[in-house]
Amino acid sequence: MARIIVITSGKGGVGKTTTAAAMAMGLAQRGHRTVVIDFDVGLRNLDLIMGCERRVVYDFVNVINGEANLTQALIRDKRCDSLYVLPASQTRDKEALTKEGVGEVLEELGKGHDYIVCDSPAGIEHGATMAMYFADDAVVVTNPEVSSVRDSDRMLGILSSKSRRAEEGEEPIKEHLLLTRYAPERVDRGEMLSVGDVQEILSLNLIGVVPESKAVLNASNAGIPVVLDSESTAGQAYNDMVSRYLGEDVPMRFLEAEKKGILSRFFGG
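Residues numbered from 1 in each chain as written. Predicted model: local features only at pLDDT ≥ 70, side-chain atom pairs only at ≥ 80, totals over all residues. Heavy atoms only, no water.

Chemist: Tell me about a negative patch on the surface, and name the residues and values.
Modeler: Taken together, the side chains of Glu100, Glu104, Glu107 and Glu108 present a region of like negative charge at the surface. Among the structural elements, glutamate 100 can be located in helix α5 (residues 99-110). (Patch = residues over 30% accessible without salt bridge, like charges linked within 9 Å, V, L, I, M, F, W, Y side chains within 5 Å. Areas by Shrake-Rupley, 256 points an atom, 1.4 Å probe, with all protein chains shown as cover. Salt bridge = Lys/Arg side-chain N within 4 Å of Asp/Glu carboxyl O. Lys, Arg positive; Asp, Glu negative; His and termini not counted. Charge placed at Lys NZ, Arg CZ, Asp CG, Glu CD. Helix = DSSP H or I, 4+ residues; strand = E, 2+ residues; numbered from the N terminus.)

Chemist: Describe the packing of aromatic side chains, and please don't skip the residues or the numbers.
Modeler: Tallied over the full model, the rule gives 3 aromatic pairs. Between phenylalanine 39 and phenylalanine 60, the ring centres sit 5.1 Å apart and the planes meet at 85°, which makes this aromatic pair edge-to-face. Taken as a pair, phenylalanine 39 in the loop between β2 (34-38) and α2 (46-49) and phenylalanine 60 in helix α3 (residues 60-64) lie far apart in primary sequence, 21 residues in all. For phenylalanine 60, a relative accessible area of 0% gives the class buried. Seen from their ring centres, tyrosine 115 and tyrosine 245 are 5.8 Å apart, and the 70° between their planes marks the pair as edge-to-face. (Phe/Tyr/Trp six-rings, centres within 6.5 Å; stacked < 30°, edge-to-face > 60°. Buried < 20%, exposed > 50% of the residue type's maximum accessible area, 1.4 Å probe, protein only.)

Chemist: Got a sec to walk through the packing of helix α7 (residues 146-161) against helix α10 (residues 195-202)? Specific residues and values, please.
Modeler: With their axes 10 Å apart at the nearest point, α7 and α10 run at an angle of 35° to one another. Seen along the crossing, α7 lies across α10 with a hand that is right-handed. Touching Val149, Ser152, Asp153 and Leu156 of α7 are Val198, Ile201 and Leu202, all from α10. (Axes fitted to C-alpha atoms, helices over the stretch in contact; angles between N-to-C directions. Left-handed = near helix turned anticlockwise from the far one by under 90°. Contact = heavy atoms within 4.5 Å.)

Chemist: Hey, could you go over the sheet that holds strand β6 (residues 137-142) for me, with residue numbers and the actual values?
Modeler: Strands in a sheet are paired, the pairing made by backbone hydrogen bonds, and the direction either parallel or antiparallel. Taken together, 8 strands build an open sheet; the order of strands is β3-β4-β2-β5-β1-β6-β7-β8 and the sheet is mixed. On the outer flanks of this sheet lie β3 (75-76) and β8 (205-211), each paired with one strand and no other. (Pairing = 2+ DSSP bridges.)

Chemist: Any chance you could break down the packing of helix α1 (residues 16-29) against helix α12 (residues 233-245) for me, citing the residues and the numbers?
Modeler: Pairs of packed helices are described in terms of their axes, by the angle between the two and the distance that separates them. One can describe the packing of α1 onto α12 by two numbers: an axis separation of 9 Å at closest approach and a directional angle of 60°. The orientation of α1 with respect to α12, classified from their angle, is oblique. In the crossing of α1 with α12, the sense of the turn from one axis to the other is right-handed. Along its contact with α1, which presents Thr18, Thr19, Ala22, Met23, Gly26 and Leu27, the element α12 presents Tyr238, Met241, Val242 and Tyr245. For the contact of α1 with α12, the residue count by class is 7 nonpolar, 3 polar and no charged. (Parallel < 35°, antiparallel > 145°, perpendicular 65-115°, else oblique. Nonpolar A, V, L, I, M, F, W, Y, C, P; charged D, E, K, R; others polar.)

Chemist: Explain the pairing of strand β5 (residues 115-119) to me, using residue names and the numbers behind them.
Modeler: Along any regular strand, the residues point their side chains to alternate faces of the sheet. The buried count for β5 comes to 5 of 5 residues, which makes it a mostly enclosed element. Looking at chain direction, strand β1 (residues 3-8) and β5 are connected through 5 bridges and run parallel. Considered in β5, the bridge of isoleucine 7 is made with aspartate 119. Pairing analysis gives 5 bridges linking β2 to β5, with the strands arranged parallel. Residue pairing across strands places valine 36 opposite valine 117, the latter belonging to β5.

Worth remembering: the numbers are spatial, not functional.
The structure is reproduced here in structure tokens:
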């Protein structure tokens, strides 16, 4: 059976969909059969970031309602044969995601895939709780600012108490922390929480730190998962994150502000 990974946060705009796309692509590039599912019914955007929005015919809700089968709804990524996308419905209500329906779809997907990455909506609304319920692993995405970290702390309580694993008394969901939009220069100026500050509050295993980078927006606009941009710091950070998830010992990068040379300091660059 596939390992189910939920990408979640307590707050919107922290980079969950970017992270879901990057993690799914990173796993697939390493040869693992992977599917990434958009749980944000009515507000889907995973298809845009994956660059397959024009190929959507059937969606997640169509499959749950028996209006299409998985073969019809799954979209194979053009860049990687091991990766598939299951888009959310743009027109249905979030209540269309039922526990029974989601469970059946995940069970069927699990027969042919190694990993299922669930792109969760923010907060604790219905789509988010459905995405979290069946998870084996969770990547909690947060920005290094107080309100984002506080909301993430709330999500940890839900992960530990309202999942299938919690209900059935199984081993808890394995939780990981991903820090996004990190700017060491702002940390040094006291404008942003440090990695240590966030870890002290959340007490989670740090799986990655993604620096603030224009490459994220550029990749999203181009419909390309940023992990494919190996020249950018964000792409490298997401690639490191996938390696760590798979058990590789990869040192953490992008934690310190770049040292300026003499000329840069002299001319204020």
